[in-house]
Amino acid sequence: MKETFFTPSEDTVIDAELMETWLGGSKIHSLNPKTLYDIQLLLSHYKDIIVPMTDVKVEYPTEGFDTACASVDKGIIYIPTYTLNEGKIDDTIGLVIHELNHIKMSEKESVLVKISGGFVMKILDSIFIKRDDGKYDSIKETLFANGFNFQNIIDGKASNKSEQFFSECLKGVMMLLNAVEDVRIDHLCAPNVKKYIDKLDVNGSKNFIPHYEQGELDENKLMNIVFRLLYHHKGFIKDDYIDNQFGELPFILKSAPKEYIPIVFGAFQSEIEEYCKSLFDNNNFNPTDDASTMDSFIQQISESSAEESFDKSLGEEKQYCSDNFSDDMFEESEFDKTLVEEVETTYSAEVENGTKLLVVPRSMKASIDIFNNVDVVDCHENFNGSEVTAYKTLLIG
Amino acid sequence: MSSNFVIDKTKKEIMSTLIKGGKSCLITGATGAGKTTFCYSLADELKMNPVVINCGSTQDARTSLLGYFTLEDGNTKFQQSDFLSAIQKPNTLIILDELSRASDDAYNIIFPILDFRRNIRVDEMAEGHEIEVDSSVRFVATANVGIEYSATRSIDRALQDRFMIFNLPYMTKREMKKYITKEYDSETAEAVSPLLDIYSYTHKMFAESKISSRLSTRAVLDCLPLVQTFSMKQIMESVILSQFSQDSSSIINDANIIREYADSIGIYN
């Protein structure tokens with residue numbers, strides 16, 4: 001990594017109130033490079049406190065990372081230096097603790113991608129696009145007809161437009177799932193260090209709430225849902241829609257990611273569908289190297305905002321929502337073909353060897369997703385008196 | 001001495017058997033791990049009379065280990081040292097404490113006592129130069145080992161050969177809690193629980209070379225009388241952290257690493 005040094009200006013306000021309570025009477029008066037380095041070194045020891053039996057690296061990249069994030073697969077957390085440079089020492093501790101809690105409590109990204117990928121594919125199979133000849137194909141069919149290979153998604157090497165589009169869909173969904181996971185791990189954080197997380201939340205909410213109250217996030221778009229879900233379950237807002245769709249905080253707290261993921265997909269299926277369809281309609285499946293969907297979203301909001309502070313707040317939320325999902329997150333993961341096959345056969349009605357496509361209504365699919373009590377039945381019918389047609393249908397048990 | 005000392009039971013039985021059979025034992029371990037206390041508990045179990053000889057104070061070895069002259073009625077008279085008296089006294093367990101701090105002269109005096117000869121030549125004595133060690137007298141020694149102990153020295157190989165060596169590791173947090181519960185009560189053990197967490201953390205961090213020293217068993221036990229009167233924060237700042245480096249020119253020092261942990265267990269709340 002290229003070595004760059006940033007020296008905060010003398011006017012930088014240092015916020016280390018919580019840290020200074022245990023610093024042996026010392027005050028942090030200035031942030032010279034040595035002090036910054038010492039603080040980084042000292043904060044790295046939170047890994048010995050939060051995940052003492054795990055080999056975890058704490059890295060402080062000066063570039064290449066816009067947000068704090070964690071790779072559970074690799075056992076590394078990345079804390080970009082900008083929060084320290086801005087004098088937000090307590091907030092940096094909050095980020096370190098939050099990311100270490102991901103290592104402690106969260107599922108590996110490789111596993112999450114496999115599970116979520118299956119669900120996203122299922123949703124894409126329920127969105128139909130009209131072909132030139134007037135017939136309809138699901139987006140899933142369109143992707144597979146255009147060289148889609150799920151292995152490339154898992155390897156983080158989306159090589160064509162189909163795979164790039166799918167990656168973008170997956171990113172949005174992962175942000176939603178990460179918001180749920182953030183709620184879970186922050187609530188379950190060890191009580192004595194939770195004060196750092198709480199401070200980080202309060203600082204973020206100060207900038208978020210005014211815009212929420214002005215209705216800027218009212219529309220039930222996936223990215224709005226991400227923020228609203230986060231702040232609703234952290235107790236800063238009371239959002240009726242989130243409450244109705246996914247309001248059971250005790251369920252979040254007692255569930256592992258594998259348990260709540262199907263429920264999240266069921267609760268926000270329409271938003272995810274709309275998000276994916278919007279990406280498809282806008283032909284927005286050719287992402288640039290450095291502009292994530294979240295970045296675009298933030299840019300939209302920032303441009304509509306007159307308050308610079310809100311930009312920063314959303315920047316902090318970006319840390320929350322995009323962690324656990326970095327560009328290299330698929331590295332070293334293995335393709336679980338069995339899982340993908342299982343997801344595909346369970347959640348969609350397939351065309352097999354000349355059998356007719358049976359379109360399952362969305363309402364029925366939603367029920368299937370949630371209650372998982374549907375039997376797939378093979379049927380044979382003689383519709384025109386001359387040819388027996390085989391197809392599958394679903395019976396709700 | 002209480003029999004509540006926490007150590008591997010088999011190891012203790014082996015040592016008792018060896019000592020009964022006439023073998024000498026050397027107990028190594030870090031400072032404050034409880035080596036001397038353990039020797040007392042061995043004496044208690046063997047029903048022997050313990051006599052502690054502080055080898056760290058034997059820079060004038062002949063005076064310390066053999067004796068000294070006094071002036072009586074215009075004549076000098078040799079007075080035997082406690083050590084010399086003890087080796088002649090039946091059923092004595094001589095505890096050679098801090099053997100790793102003894103001088104070469106002390107080693108040379110101790111050698112013949114510990115091997116098959118079991119006697120010592122004392123030229124200072126007027127009557128008879130040879131002192132025989134009583135057949136029922138036994139020896140145990142303690143020593144600090146490791147790079148932490150700059151004032152110590154490696155023990156002469158020939159001297160090591162005269163001992164069966166046992167290592168006494170620091171007690172684990174769980175063993176400490178058990179010990180305190182038995183020696184004091186469960187309320188005290190509970191009250192001192194945050195200190196035991198810090199004790200355990202310093203040992204982990206020391207083992208990983210992240211700090212340069214660790215909290216000793218003795219240091220924690222010394223704090224027990226304080227927990228009823230003083231807050232854990234006061235004990236931390238005034239007693240515990242004094243034992244660690246606190247370089248005020250840098251935020252990153254051993255004391256702050258421990259303070260960081262102490263904060264995470266609520267001591268600074």
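Here is what the cut-offs are and how they apply
Residues numbered from 1 in each chain as written. Chains lettered and ligands numbered in written order. Predicted model: local features only at pLDDT ≥ 70, side-chain atom pairs only at ≥ 80, totals over all residues. Helix = DSSP H or I, 4+ residues; strand = E, 2+ residues; numbered from the N terminus. Buried ≥ 20, exposed ≤ 12 C-beta atoms within 10 Å, placed from the backbone. Contact = placed C-beta atoms within 7 Å. Pairing = 2+ DSSP bridges. Axes fitted to C-alpha atoms, helices over the stretch in contact; angles between N-to-C directions. Parallel < 35°, antiparallel > 145°, perpendicular 65-115°, else oblique. Left-handed = near helix turned anticlockwise from the far one by under 90°. Nonpolar A, V, L, I, M, F, W, Y, C, P; charged D, E, K, R; others polar. Domains from an automatic or database assignment. pLDDT = per-residue confidence, 0-100.

A word on the overall build of chain B. The number of helices and strands found in chain B is 12 helices and 9 strands. Dimensions of chain B, computed from C-alpha atoms along their principal axes, come out at roughly 70 × 40 × 40 Å. Counting over 269 residues, chain B shows a buried share of 35%. Taking contacts inside chain B between residues at least 6 apart in sequence as the whole, the part at least 24 apart equals 72%.

Bringing the overall build of chain A into the picture now. Helix and strand counts for chain A come out as 19 helices and 7 strands. Going through the 397 residues of chain A one by one, you find that 42% of them count as buried. Partitioning the contacts of chain A with sequence separation of at least 6, the portion at a separation of at least 24 is 67%.

Residues and elements named next belong to chain A. Read across the sheet, 3 strands follow the order β1-β3-β2 without closing on themselves; strand pairing throughout is mixed. In this open sheet, the two strands that pair with only one neighbour each are β1 (57–59) and β2 (69–71). The mean inter-strand angle of the sheet, taken between neighbouring strand axes irrespective of direction, is 15°. Here β2 runs beside strand β3 (residues 76–78); their pairing, made up of 3 bridges, is antiparallel. Among the inter-strand pairings, Cys69 is bridged to a residue of β3, identified as Tyr78.

Residues and elements named next belong to chain A. The interhelical angle for the contact between helix α6 (residues 109–124) and helix α9 (residues 161–187), taken along N-to-C directions, is 115°, at an axis separation of 10 Å. On the basis of the axis angle, α6 is roughly perpendicular to α9. Every pair of crossing elements has a handedness; the one defined by α6 and α9 is right-handed. Note on element contacts: α9 touches α6 through Cys169, Leu170, Val173, Met174 and Leu177, opposite Leu112, Val113, Ser116, Gly117 and Val120.

In terms of residue burial, strand β3 (residues 67–72) of chain B counts as a barely covered element, since only 0 of its 6 residues are buried. Between β3 of chain B and strand β4 (residues 75–80) of chain B, which pair antiparallel one after the other, the connecting turn spans 2 residues, and Asp73 of chain B there sits at a positive phi close to 55°.

Let's shift gears to the environment of Leu43 of chain A. All names here are of chain A. Looking at the secondary structure, you find Leu43 in helix α2 (residues 33–44). By C-beta crowding, Leu43 is classed as buried, having 22 other C-beta atoms within 10 Å. When the C-alpha positions of Leu43 and Gly172 are compared, they lie 31 Å apart, and in sequence the two are 129 residues distant. Once you skip the residues sitting within four places of it in the chain, Leu43 turns out to touch Thr92, Ile93 and Val96.

Before going further, it helps to spend a moment on the interface of chain B and chain A. Each partner contributes to the interface: chain B provides 19 residues, whereas chain A provides 17 residues. Mapped onto the side of chain B that touches chain A, the elements with two or more residues apiece are α9 (193–207) and α12 (254–264) of chain B. In terms of residue count, α12 of chain B provides more of the side of chain B that touches chain A than any other element does, 9 residues in total. The class makeup of the residues in the side of chain B that touches chain A is 9 nonpolar, 6 polar and 4 charged.

For the rest of this paragraph, the subject is the domain arrangement of chain B. Residue and element names in this part refer to chain B. Annotation of chain B at the domain level lists domain 1 (9–167) and domain 2 (173–264). Using only C-alpha atoms to locate each centre, domain 1 and domain 2 end up separated by 33 Å. With 6 residues of domain 1 at the interface, the matching set in domain 2 holds 5 residues. Tallied by class, the residues present in the side of domain 1 that touches domain 2 amount to 2 nonpolar, 3 polar and 1 charged.

Let's shift gears to the confidence of the model for chain A. Per-chain confidence: chain A averages 78 in pLDDT, with 72% of residues scoring 70 or above. Confidence drops under a pLDDT of 50 for residues 284–360 of chain A, and excluding neighbours within four residues, the segment shows 124 contacts in the predicted structure.

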